[in-house]
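The lines below spell out each chain.
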Amino acid sequence: EPEVTQTPSHQVTQMGQEVILRCVPISNHLYFYWYRQILGQKVEFLVSFYNNEISEKSEIFDDQFSVERPDGSNFTLKIRSTKLEDSAMYFCASRGTGVNEQYFGPGTRLTVT
Amino acid sequence: AQKVTQAQTEISVVEKEDVTLDCVYETRDTTYYLFWYKQPPSGELVFLIRRNSFDEQNEISGRYSWNFQKSTSSFNFTITASQVVDSAVYFCALMNNNAGNMLTFGGGTRLMVKP
């Protein structure tokens, strides 16, 4: 069964460093999302992406964040200068046309020290 | 603005007991979608069910059943004859029918099923 994949599974970085989190959505899906979950808290929406542009973004998704679909398969989230409070699990999700359920990847645990 | 509330932060049951997880939502839209996701200890988010706002028919899938009541803005989830493998955090989520189609999650209910 097709699934969303994410790499790396765990990333440790120092405050102020740039990180890129990678996702490979399900192959025929056209809608892509990033969410984050701070440890023990609820899942929060960051950004949605369709047709090579951002459809919607939350207040969390400030100028330090950016997304890109560099090729036909990858969907990336970049954090330009990480802060301690960026430590969280980051989930990528994708959705097909005509369906509403989003399928999530296994997540990347980002630890900023 | 939309909001999802899961009032039960943690529930503990003994195996074979039935358990109901509550979900209440708020939205101004007339068309919306409701979801339940399971997050086992391994951390991934597993899609369980989607319900459209115009379809109030309840659904049963094996030991799982869902009760959608528009009049009370609730979408409750019942596990019958719970098993240890059901132990997880369960999230209820709401999606409106707009361009972004973002999911708004509730705070989650941690279910612990003891043998």
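Our structure's up above, just so we're on the same page.
Let us look at the structure shown here. Sequence order sets the numbering: in each chain, residues are counted from 1 along the sequence as written. Key to labels: chains lettered from A, ligands numbered from 1, both in the order written. Reporting in this predicted model follows two pLDDT cut-offs: at least 70 for local features of residues, and 80 or more for side-chain atom pairs to be given and counted; totals over whole chains, interfaces and linings ignore these cut-offs and use all residues. In computing side-chain values, all of the structure's heavy atoms are included and hydrogens and water are not.

1. Focus: the overall build of chain A
- Secondary structure elements are taken from DSSP: a helix is a run of H or I of four residues or more, a strand is a run of E of two residues or more, and numbering for both begins at the N terminus. Within chain A, the regular secondary structure consists of 0 helices and 11 strands.
- Secondary structure elements of chain A occur, N-terminal to C-terminal, as β-β-β-β-β-β-β-β-β-β-β.
- C-alpha atoms define the radius of gyration, and 2.2 Å times the number of residues to the power 0.38 defines the globule rule. Since a compact globule built from 113 residues should have a radius of gyration of about 13 Å, the 13 Å found for chain A is in line with a globular shape.
- Note on classification: 1.4 Å probe, protein chains only; a residue is buried when its accessible area is under 20% of the maximum for its type, exposed when over 50%, partly exposed between these limits. Within chain A, the fraction of its 113 residues that count as buried is 44%.
- Contacts were defined at the residue level, with two residues in contact if any of their heavy atoms lie within 4.5 Å. When contacts within chain A are restricted to residue pairs at least 6 apart in sequence, those whose partners lie at least 24 apart make up 53%.
- Residue exposure ignores everything except the shown protein chains as possible cover, and the areas themselves are Shrake-Rupley values with a 1.4 Å probe. For chain A, the exposed surface amounts to about 5,700 Å²; the carbon and sulfur share of it is 45%.
- Positive charges are assigned to Lys and Arg, negative charges to Asp and Glu, while His and the chain termini are left out of the count. Charged groups are reduced to one reference atom each: NZ for lysine, CZ for arginine, CG for aspartic acid, CD for glutamic acid. Across chain A, the mean location of the 10 positive side-chain charges is 2 Å away from that of the 14 negative side-chain charges.

2. Concerning the interface of chain B and chain A
- Opposite the 20 residues of chain B that make contact, chain A presents 18 residues.
- Interface area, chain B with chain A, both sides summed: about 1,700 Å², of which 57% is carbon and sulfur.
- Considering only the surface of chain B that becomes buried against chain A, Leu45, Met102 and Phe105 of chain B emerge as the three largest contributors, covering 29% of it.
- A carboxyl oxygen of Asp or Glu within 4 Å of a side-chain nitrogen of Lys or Arg is what we treat as a salt bridge. On the surface where chain B and chain A come into contact, there are 1 salt bridge.
- A 3.5 Å cut-off defines polar contacts: any pair of N or O atoms within that distance qualifies, except that in protein one atom must be a possible hydrogen donor and the other a possible acceptor, and neighbouring residues in sequence count only when both atoms are side-chain atoms. Between chain B and chain A we count 6 residue pairs in polar contact (both at pLDDT 80 or more) in total.
- Residue assignment for the side of chain B that touches chain A shows that the elements contributing at least two residues are strand 5 (32–39), strand 6 (46–52), strand 10 (88–96) and strand 11 (103–105) of chain B.
- The leading source of residues in the side of chain B that touches chain A is strand 5 of chain B, at 4 residues.
- By the convention adopted, Pro, Cys, Tyr, Trp, Phe, Met, Ile, Leu, Val and Ala count as nonpolar, Lys, Arg, Asp and Glu as charged, and the other residues, Gly among them, as polar. Classifying every residue of the side of chain B that touches chain A gives 11 nonpolar, 7 polar and 2 charged. When two parts are put together, the accessible area they lose, computed with a 1.4 Å probe and summed over both, is reported as buried area.

3. Side note on the environment of Ile54 of chain A
All names here are of chain A.
- Take Ile54: it is sitting in strand 6 (residues 53–57).
- The exposure class of Ile54 is partly exposed, given its relative accessible area of 36%.
- Taking the C-alpha atoms as reference, Ile54 lies 19 Å from Val4; in sequence the two are 50 residues apart.
- Residues within four places of Ile54 in sequence aside, it is in contact with Val47, Ser48, Phe49, Phe61 and Val67.

4. Digging into the packing of aromatic side chains
- In this analysis, rings of Phe, Tyr and Trp, with Trp reduced to its six-membered ring, are considered paired at centre separations within 6.5 Å, and the interplanar angle assigns stacked below 30 degrees, edge-to-face beyond 60, and tilted for intermediate values. This structure, assessed with the given rule, holds 26 aromatic pairs over all chains.
- Plain terms: the ring middles of Tyr103 of chain A and Phe47 of chain B are 5.7 Å apart, the flat faces sit at 65 degrees to each other, and that makes the pair edge-to-face. Pair noted here: Tyr103 of chain A is in strand 10 (residues 103–104) and Phe47 of chain B is in strand 6, and the two residues belong to different chains.
- Under the relative-accessibility criterion, Tyr103 of chain A is labelled partly exposed at 31%.

5. Here we look at the pairing of strand 12 (residues 109–114) of chain B
Residues and elements named next belong to chain B.
- Residues Thr109, Leu111 and Val113 point to one face of strand 12 and are all buried, whereas Arg110, Met112 and Lys114, pointing to the other face, are not buried.
- If DSSP finds at least two bridges between two strands, the strands pair. Here 5 bridges tie strand 2 (residues 10–14) to strand 12, and the two strands are oriented parallel to one another. Residue Glu10 lies in a different strand from strand 12, and its bridge partner there is Arg110.

6. Examining the sheet that holds strand 7 (residues 65–68) of chain A
All names here are of chain A.
- One open sheet holds the 4 strands; their spatial order is 1-3-8-7, and the pairing between them is antiparallel. In this open sheet, the two strands that pair with only one neighbour each are strand 1 (5–7) and strand 7. Neighbour to neighbour, the strand axes of the sheet diverge by 20 degrees on average, direction disregarded.
- In this sheet, strand 8 (residues 75–79) lies alongside strand 7 in antiparallel orientation, the contact comprising 4 bridges. Lines fitted to C-alpha atoms define the axes here, with helix axes fitted over just the stretch in contact, and angles between the N-to-C directions of these axes take values from 0 to 180 degrees.

7. Examining the environment of Lys83 of chain A
Residues and elements named next belong to chain A.
- Positionally, Lys83 belongs in the loop between strand 8 and strand 9 (88–95).
- Judged by relative accessible area, Lys83 falls into the partly exposed class, the value being 32%.
- Placed 69 residues apart in sequence, Lys83 and Gln14 show a C-alpha to C-alpha distance of 8.4 Å.
- If near-sequence neighbours (up to four positions away) are discounted, Lys83 is found in contact with Met15, Asp62, Gln64 and Val112.

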